[in-house]
Amino acid sequence: MNQNGVRGVLLCDGEGLFIGSRGAVKREDASALSLVAQTELQGKDTVAVKYRDSTVLLRKGDNILVAVYKN
């Protein structure tokens, strides 16, 4: 999973419910990152935020949120 500094990936739905993950990700991160995405992604396609010990790239699609954890 550590390609290009990627530590993990998380998917959740539009309400912050966990769909799936891979790598160094905690299931409970889904709801917290969903709330962050609601405020930070307004009018943007992708945003980077600091979360725990990673930089997390957030991208919202059709009722799905993709979070990529990087070093």
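Preceding block: the structure.
In this numbering scheme, every chain counts its residues from 1 along its sequence in written order. Note on the predicted model: pLDDT of at least 70 is required for a residue's local features to be given, and 80 or more for side-chain atom pairs to be given and counted; whole-chain, interface and lining totals, by contrast, use all residues. Side-chain numbers here rest on the full set of heavy atoms in the structure, without hydrogens or water.

Per the convention used, a helix needs a DSSP run of H or I reaching at least four residues, while a strand needs a run of E reaching at least two, with both numbered from the N terminus. Assigned secondary structure in the chain consists of one helix and five strands. Taken over C-alpha atoms, the radius of gyration comes to 11 Å for the chain, in line with the 11 Å a tight globule of 71 residues would show. Type-normalised accessible area, obtained with a 1.4 Å probe on protein chains alone, sets the label of each residue: buried when under 20%, exposed when over 50%, and partly exposed for intermediate values. For the chain, the proportion of its 71 residues judged to be buried stands at 35%. Surface accessibility follows the Shrake-Rupley procedure with a 1.4 Å probe radius. Residue values consider only the protein chains on display as shielding. Accessible surface, the chain: about 4500 Å² in total, of which carbon and sulfur atoms supply 48%. Just so you know, the count uses Lys and Arg for positive and Asp and Glu for negative, and it drops His and the chain ends. The atom standing in for a charge is NZ when the residue is Lys, CZ when it is Arg, CG when it is Asp and CD when it is Glu. Across the chain, the 10 positively charged side chains and the 8 negatively charged ones have centroids separated by 7 Å. Put simply, the radius of gyration uses C-alpha atoms, and a globule should come to 2.2 Å times the residue count raised to 0.38.

The next subject is the pairing of strand β2 (residues 18-23). As a general feature of sheets, a regular strand has side chains that alternate between the two faces. When strand β1 (residues 6-13) meets β2, the two strands line up antiparallel, connected through five bridges. Of the residues in β2, the one forming a bridge with C12 is F18. A pair of strands is labelled paired if DSSP reports no fewer than 2 bridges between them.

Counting through the fold element by element, D13 comes out in strand β1. It turns out D13 is buried and unbridged, and the closest side chain with the opposite charge, K60, is 7.6 Å from it. Polar side-chain contacts of D13 include one of 2.8 Å to the backbone nitrogen of L17. Residues are treated as being in contact if the distance between any of their heavy atoms lies within 4.5 Å. Setting aside anything within four residues of it in sequence, one finds D13 in contact with I19, S34, N63 and I64. Should a side-chain nitrogen of Lys or Arg be within 4 Å of a carboxyl oxygen of Asp or Glu, the pair is scored as a salt bridge. Nitrogen and oxygen atoms within 3.5 Å of one another constitute a polar contact, given that in protein one can donate a hydrogen and the other can accept it, and given that sequence-neighbouring residues count only through two side-chain atoms.

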